[in-house]
Each structure stands twice: as C-alpha cells, then as structure tokens.
Amino acid sequence: SSSSRHPNQVTPKKSGLKNGQMKSKDDECFGDDIDEIPDTDFDFEGNLALFDKAAVFEEIETYEKRSGTRSRGTPSEKPARYRHDENILESEPIVYRRIVVPQNPNKEFCTDSGLVVPSVSYELHKKLLAVAEKHGLTLERRLEMTGVCASQMALSLLGGPNRLNPKNVHQRPTVALLCGPHVKGAQGISCGRHLSNHDVHVILFLPNFVKMLESITNELNLFSKTQGQQVSSVKDLPDTPVDLVINCLDCHENAFLRDQPWYKAVVDWANQNRAPVLSIDPPISELELGIDAKWSLALGLPLPLGERAGRVYLCDIGIPQRVFQEVGINYHSPFGCKFVIPLHST
C-alpha cells in the first residue's frame, strides 16, 4: 500500500559488506600498476624450438595403433584431392549371386548391377536348348528371338537414333553378314532380315551347298523379300570397308568347315576389311575362331569364351525359368528391363 501511495519514491541503495568485497576483487584483478609489466618481448621462436613436434606426432600415432582409433586431421593423413568431375563418394557395384549352375563354372561374368552370371559348358547349354524345345520353344522361335536381339545390338553399334533416322538417309550403314550352312548361319540370316527392315544395307554371304537345312531355307525365303543382297562368292563382297561385320561362320560341332576354301577366303576378306566384328554365339575354343571379334553375343547363358571373343553380351532368347531348373540351374533373370545386357569378366 505504501508503494501505491508514493509511486515516485526512490528506494535507497543498500551499501554493505557485499559491495566492499566486489570492489576489492576488482582491485585485485585490474588494480595492478602498469609499470610492473616487463618491457621484454616474449620469445616465441625460442619457446617453439622447445616443442618437439615429431615426437608428439609419433606418440599420437603409437597411441592410435594400439587403440585402433584414428583421429581426424592428423598430419600423417594426406587429404585426397578430387577433380571437378570426380565423385567424392566411392561406390562399387554390389556383388551377389542369383544364378547357380550344377557344375563349377570355368569362367564367371558380372553385370552392370553386380549380378554374377556363371558360364556353362557347351554340353549343358545344348541340353538346356533341347529341354526348352521339348516344352515348345522351337528352333523357329529361338531363331526369331536371336535375330531380334542381335539386330537390336547391331543397330546400337551402328549409331542408334543418331545414325538411323529418316533425316539421315545419306549415311545409310552397310553391314556384311557372313553365314555358314548351319543353325548359327540361320541365326545370322534372321538378324540380317531385321536389319534390312530397319533400312540397313545388308550384304549376306552364304556359300552354295547342294543340300541346305530347312531352317536356313526358311530364313532365306524371308530374307529374299527384303532389300538385302545375297552373295555366294567372296568376290562379290565390298572392296571398301563396311560399317560392321557380323560373323556367323563358326559352328560348335562342324569344325571341318574351317578347311574349306570358301571359309579361308571369307576370313581373309574380313581381316583385310578392318571393320569391327560382332560374333553371334561363337564357339568356346579360340582355335576355331577364324576372325577376332570386338563383341560377342551369347544366348541365354554364356559359354566360357576367351579373349578373342571380345566384349561379351548376353541376350534373352525366352527360356522359361522352370526349364533352367529342370537341367539343374537355379536361375533368376539378370536382364531386368532389357533383352541384351553387357557382361564383364570377373
């Protein structure tokens, strides 16, 4: 009530022992005479010389080795320097297995996503195709799938949409397709038909034989309805370099074809033409390869191909998962959203 009656009355400041103590403390801290400060400068260099830096860092490293820890910013760590186009975060593909074969593979490959794709022997691959054919995946279906996948890969190697578009007619690519009188040759003819349908100039070489396989006859009948050109003599092949050579001369079983004069002549032409070579389903033995390939296309599962096969690609020919299981292969598709994928040697 007194405060309400005298609102302007000032409360007197209390002075006592506390204020005296504070004053004495201030004098102790700030009350020294400035004349007592020494005039000599501090010897920084002399005191720095007393510091044994090497010994201290050695003691730190010894402690870290014993404790298993690593401190940040120690002088022994040289900071990594990166260019403007380099990734600071190191990332490696995850390696995992979703395909297991009954036999120990002679060679393993790896996809871009890190999936391990083991190779299979020719006998197991042949058995796989036989079981698939028994369940309805006929040779004709296989030929069509192989032709589509091989032509798709060839179109990509030829330049894709940058080379093959309606506004670029003057740069029409030329492909020399070398086929033998066997199923591998029929696969090549199927590929040539699809390439010709996509406005690629295809020159198909196939030697004259008295008796042809039914699959080759059927594929030739379809190829003849395209704008592709068929020749049976090496003299009719182009003298100038072509954009791509597709090799379907070699066969897994009929090795005697390599002794034929037409085979040797075609191999010599391909080596002299110096065009990049794509081999479709090449044999395992490098001795059976007359032409070194830059790329090779494997079917379903790869064979243990050597260095002369070049970079290996794998194509999906439509074999169901249970067919793989029937021949003892634990299989999960490595293709994802694609039908042709690259493989890397592990």
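Residues numbered from 1 in each chain as written. Predicted model: local features only at pLDDT ≥ 70, side-chain atom pairs only at ≥ 80, totals over all residues. Heavy atoms only, no water.

A word on the overall build of the protein. For the protein, the count of helices and strands is 10 helices and 12 strands. A total of about 22,300 Å² of accessible surface is found on the protein, and carbon and sulfur atoms cover 51% of it. (Helix = DSSP H or I, 4+ residues; strand = E, 2+ residues; numbered from the N terminus. Areas by Shrake-Rupley, 256 points an atom, 1.4 Å probe, with all protein chains shown as cover.)

Strands pair in a sheet through their backbones, by hydrogen bonds, and they do so in one of two ways: parallel or antiparallel. Taken in spatial order, the eight strands make up an open sheet running 6-5-4-7-8-9-10-11, and their pairing is mixed. The open sheet has two edge strands, strand 6 (229-231) and strand 11 (340-342), and neither has a second partner. On average, each strand axis in the sheet is inclined to that of its neighbour by 20°, with strand direction left out of account. Bridge analysis of strand 4 (residues 174-179) against strand 7 (residues 244-248) gives five bridges, and the strand direction is parallel. Residue pairing for strand 7: Ala176 is matched across the bridge by Val245. Contacts from helix 9 (residues 261-273) reach strand 4, strand 5 (201-205) and strand 7, with the element oriented near 155° to strand 4. (Pairing = 2+ DSSP bridges. Axes fitted to C-alpha atoms, helices over the stretch in contact; angles between N-to-C directions. Contact = heavy atoms within 4.5 Å.)

Over its 13 residues, helix 9 extends 18 Å from the first C-alpha to the last, a length consistent with the 18 Å expected when each residue adds 1.5 Å. Along helix 9, the residues that are buried comprise Trp262, Tyr263, Val266, Val267, Trp269, Ala270 and Asn273. Across the axial projection of helix 9, the buried residues extend over an arc of 160°, all falling on one side. Helix 9 presents Pro261 and Gln272 as exposed residues on the side facing more than 90 degrees away from its buried surface. Packed against the buried residues of helix 9 are strand 4, strand 5 and strand 7. Looking one or two residues past helix 9, Arg274 carries a phi angle of roughly 65°, positive in sign. (Expected span 1.5 Å × (residues − 1). Buried < 20%, exposed > 50% of the residue type's maximum accessible area, 1.4 Å probe, protein only. Arc of directions from axis to C-beta.)

Oppositely charged side chains are able to pair whenever their charged atoms sit close together. Under the defined criterion, the tally for this structure stands at nine salt bridges. Two residues, Arg193 and Glu144, come together in a salt bridge whose shortest N-O distance is 2.8 Å. Note that Arg193 is positioned in helix 7 (residues 183-197) and Glu144 in helix 6 (residues 139-157), a separation of 49 residues in sequence. The salt bridge involving Arg163 is made with Asp243; its shortest N-O contact spans 3.1 Å. Of this pair, Arg163 sits in the loop between helix 6 and strand 4 while Asp243 sits in the loop between strand 6 and strand 7, placing them 80 residues apart in sequence. By relative accessible area, which is 19% here, Arg163 ends up buried. For Asp243, a relative accessible area of 29% corresponds to the partly exposed category. Residues participating in the shared-partner salt-bridge network are Glu144, Arg193 and Glu219. (Salt bridge = Lys/Arg side-chain N within 4 Å of Asp/Glu carboxyl O.)

By size, the foremost hydrophobic cluster in this structure holds 61 residues, and its most contacted members are Ile189, Leu195, Leu244, Ile246, Leu301, Ile319 and Ile329. When residues in this core are grouped by element, the largest group, seven residues, is from helix 6. Setting aside residues no more than four positions away along its own chain, Ile189 makes contact with Leu177, Cys179, Leu204, Leu206, Ile216, Glu219, Leu220 and Phe223. Core analysis: the next-biggest nonpolar cluster, separate from the first, contains 20 residues, Ala176, Val231, Val266 and Trp269 among them. (Core = buried A, V, L, I, M, F, W, Y, C linked by side-chain atoms within 4.5 Å.)

Attention shifts here to the confidence of the model for the protein. Low pLDDT marks regions whose predicted coordinates should not be analysed in detail. Scored by pLDDT, the protein has a mean of 84; 78% of the residues are at 70 or more. Considering only residues more than four positions removed or in separate chains, one finds that residues 1-5, a stretch of pLDDT under 50, has zero contacts. (pLDDT = per-residue confidence, 0-100.)

Within the secondary structure, Arg142 is located in helix 6. Ignoring any residue separated from it by four or fewer positions in sequence, one finds Arg142 in contact with Leu129, Glu133, Leu137 and Ile317.

We now examine empty space enclosed by the protein. The full count for this structure, using the stated rule, is three cavities of 30 Å³ or more. By volume, the largest cavity amounts to about 60 Å³. Residue lining of the largest cavity: 10 residues in total, with Leu249, Asp250, Cys251, Asn254 and Arg258 positioned closest to the centre. Grouping the amino acids of the lining of the largest cavity by side-chain chemistry returns five nonpolar, two polar and three charged. Of the pockets and cavities examined, the second largest cavity occupies roughly 40 Å³. Tallied by class, residues from the lining of the second largest cavity come to six nonpolar, one polar and one charged. (1 Å grid on protein atoms, 1.4 Å probe; cavity = no way out; pocket = protein on both sides within 12 Å on 5 of 7 lines; lining within 4 Å. Points joined across faces, edges and corners; volume = space filled by probe spheres on them. Nonpolar A, V, L, I, M, F, W, Y, C, P; charged D, E, K, R; others polar.)

Turning our eyes to something else, we now look at the pairing of strand 4. Counted residue by residue, strand 4 has six buried out of six residues, so it is predominantly covered. Alternating positions in strand 4 separate into two faces, Thr174, Ala176 and Leu178 on one and Val175, Leu177 and Cys179 on the other, with burial throughout. Pairing between strand 4 and strand 5: five bridges, direction parallel. From the neighbouring strand, Thr174 faces strand 5, where its bridge partner is His201. A crossover links strand 4 with its parallel partner strand 5, the connecting element being helix 7, and its sense is right-handed. (Right-handed = clockwise from strand over helix to strand, strands pointing away.)

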